[in-house]
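Listed here are the chains, written in short residue letters.
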Amino acid sequence: MFLLPRPIQAAISTVPAIRRHIFPVFFSTANMNCGSDEVVHGVSAANNSALGTKTSNSKVEAEQTLNSVSIPKRGYSSSNRRRLKVDLRLNSRMEDSAAGSEDCGSSSLPTQFGKKKKKKRLPAPARVKRSKSSERFPKSLVNANDCLLDLEPFDICQLEETRSDSLQCPDNVERLTETPSTELLRPGMVLLKHYITHDSQVEIVKTCRELGLGRGGFYRPGFQDGAKLRLYMMCLGLNWDPETRGYNKRRPIDNVEALHIPDVFKVLVGKAIEDAHEVIRTDGNQSNVEDLLPGMTPDICIVNFYAANGRLGLHQDRDESRESIDRGLPVVSISIGDSAEFLYGDTRNVNEAKRVMLESGDVLIFGGKSRHVFHGVASIIPDSAPTTLVKETGLRQGRLNLTFRQY
Ligand SMILES: O=C(O)CCC(=O)C(=O)O
Ligand SMILES: [Fe+2]
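- As annotated in an unreviewed UniProt entry, the protein chain carries the name Fe2OG dioxygenase domain-containing protein and is attributed to Linum tenue.

**Focus on the sheet that holds strand β16 (residues 374–380)**
- With antiparallel pairing, the 4 strands of this open sheet are ordered in space as β11-β16-β13-β14. The open sheet has two free edges, formed respectively by β11 (312–315) and β14 (354–358), since each of these has just one partner strand. The mean angle between the axes of side-by-side strands here comes to 25 degrees, regardless of whether they run parallel or antiparallel.
- Where β11 and β16 come together, 2 bridges link them in antiparallel fashion. Bridging from a neighbouring strand, His315 pairs with His375 of β16.

**Some words on empty space enclosed by the protein**
- Summed over the entire model, instances satisfying the criterion amount to 3 cavities of 30 Å³ or more.
- Its volume calculated, the largest cavity comes out at about 300 Å³.
- For the largest cavity, the lining is made up of 28 residues, of which Asn304, Leu312, His315, Asp317 and Arg405 are closest to its centre.
- Every element with two or more residues in the lining of the largest cavity is listed here: β10 (300–306), β11, β15 (363–366), β16 and β17 (399–405).
- With 4 residues, the single largest contributor to the lining of the largest cavity is β17.
- When the residues that make up the lining of the largest cavity are grouped by side-chain class, the tally is 12 nonpolar, 9 polar and 7 charged.

**Focus: helix α6 (residues 263–282)**
- With 20 residues, α6 ought to run about 28 Å at 1.5 Å a step, and its terminal C-alpha atoms sit 29 Å apart, in line with that.
- Residues of α6 that are buried: Val264, Phe265, Leu268, Val269, Ala272, Ile273, Asp275, Ala276, His277, Val279 and Ile280.

**Here's the deal with the site of ligand 1**
- Taken together, Asn304, Tyr306, Leu312, His315, Asp317, Phe342, His375, Val377, Arg399, Asn401, Thr403 and Arg405 make up the full set of residues adjacent to ligand 1.
- In the model, an oxygen atom of ligand 1 is placed 2.5 Å from a nitrogen or oxygen of the Tyr306 side chain.
- The protein chains hide 94% of the 290 Å² of surface that ligand 1 would expose on its own.
- The site holding ligand 1 turns out to be the largest cavity.
- Of all elements in the fold, only β10, β11, β16 and β17 reach the threshold of two or more residues within the shell around ligand 1.
- The element best represented in the shell around ligand 1 is β17, accounting for 4 residues.
- Partitioning the shell around ligand 1 into residue classes produces 4 nonpolar, 5 polar and 3 charged.

What counts and how
- Every chain is numbered independently, its residues counted from 1 as its sequence is written.
- The lettering of chains begins at A and the numbering of ligands begins at 1, in the order of writing.
- This being a predicted model, a pLDDT of at least 70 is required before a residue's local features are given, and a value of 80 or more before pairs of side-chain atoms are given or counted; all residues contribute to the totals for chains, interfaces and linings.
- Where side-chain values are given, they derive from all heavy atoms of the structure, hydrogens and water being excluded.
- Any two strands with at least two DSSP bridges between them are considered paired.
- A helix here means a DSSP run of H or I that spans at least four residues, while a strand means a run of E at least two residues long, and both kinds are numbered starting from the N terminus.
- A fitted line through C-alpha atoms serves as each axis, taken over the contacting stretch for helices, and the angle formed by two N-to-C directions is quoted from 0 to 180°.
- Only protein atoms enter the 1 Å grid, on which a cavity is a set of points fitting a 1.4 Å probe that cannot get out and a pocket is an open set with protein on both sides within 12 Å along at least 5 of 7 lines, lining residues being those with an atom within 4 Å of a point.
- Grid points are joined across faces, edges and corners, and a volume is the space filled by probe spheres set on the points.
- Each residue is assigned to one class: nonpolar for Ala, Val, Leu, Ile, Met, Phe, Trp, Tyr, Cys and Pro, charged for Asp, Glu, Lys and Arg, and polar for all the others, Gly among them.
- Expected span, for any helix, means 1.5 Å times one less than how many residues it has.
- Only protein chains enter the area calculation, which uses a 1.4 Å probe; residues under 20% of their type maximum are buried, those over 50% are exposed, and those in between are partly exposed.
- Near is defined per residue: the residue qualifies when any heavy atom it owns lies within 4 Å of the molecule or strand.
- As used in this structure description, the phrase polar contact means that two N or O atoms lie within 3.5 Å; if the pair is within protein, one of them must be able to donate a hydrogen and the other to accept it, and residues adjacent in sequence are counted only when both atoms belong to side chains.
- Surface accessibility in these figures is a Shrake-Rupley result with a 1.4 Å probe; residues are shielded only by whichever protein chains are displayed.
- More than half of a molecule's atoms within 2 Å of the grid points is what it takes for that molecule to sit in a cavity or pocket.

Rendered as structure tokens:
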């Protein structure tokens, strides 16, 4: 794959006809289910990494447009054999973060992710402070290629406006009593339902918000052809670059170094893997759990925020080191906020994929034989987030997802 200088790529990407001609592979419609022109996920490039160079044979992921299916808001069940709930007690949440001691910016924020108008949400707690955006996140930056970038921090919470209807939400009480359960979805793939306590979810939202408003925070990433992912992203530990599909210390868009992963997040990941082992031991009737789902110490956390129309096409996570992937070191994925219709399977074909609803507080782990599983987010279920979570954090309509990996 040849690489053009970024300004030329940008110019090309604005002209669809040229774009299709030069990058036809990105516009393959193999396995597509409908004719949307928007690339959801996929790029082809050599992998350049600050931590080592690697190449991958099949780097092309075809444009994916996922079938929308009607799903009951709370219609998925899982086995109830085990009850697990984890409370983070994130007291030292910002100590580990490069942006920790700074206040949040107050610049005008992008409020629309698609065409739909979002509902207003309740104010966040008073202790989330805001200050001049220029202190934390300059609006305009000049990158290495002398391109002027307009970077605005994306705020995952909506603070100013109140959402009166939230207070009367009828399923509020029910959501507070969700019971944890577990499910072995396939070898090496475990779902811990309602695993993260309400208080810990609140702390995770606040932490991600504060980090996300600072330098290195949330932005809307794009592929090499100019198409944008349908989500906002912030990388902790190492930056993942959708253009090259490589990991680097700094992100090319503004040369800002990836923020640290808070220690409490790492503790949570370790605990989740231990509990997943227990599920494999008991439900899977296996004793060699470490072989089936190896442990890992995360040094990467990709934080995605999906608005109501956000989604992610079927893909494999294979940009980590060869050793990490070969050993089957798991990806640990935490869902918070609105539920997501999550797809997974052995091929990129949406029609063959299995579907599971990921709700707020759920943790999904896939490693071992499932490390290469194709997965994606077909849709976000609007207003399915726990009301109390929205009330306490001001979390926007949408879904926060954190995926932890070891490079
Ligand atoms: O949002 C999700 O549940 C999946 C995210 C994901 O697959 C990724 O970031 O690679
Ligand atoms: Fe993924």
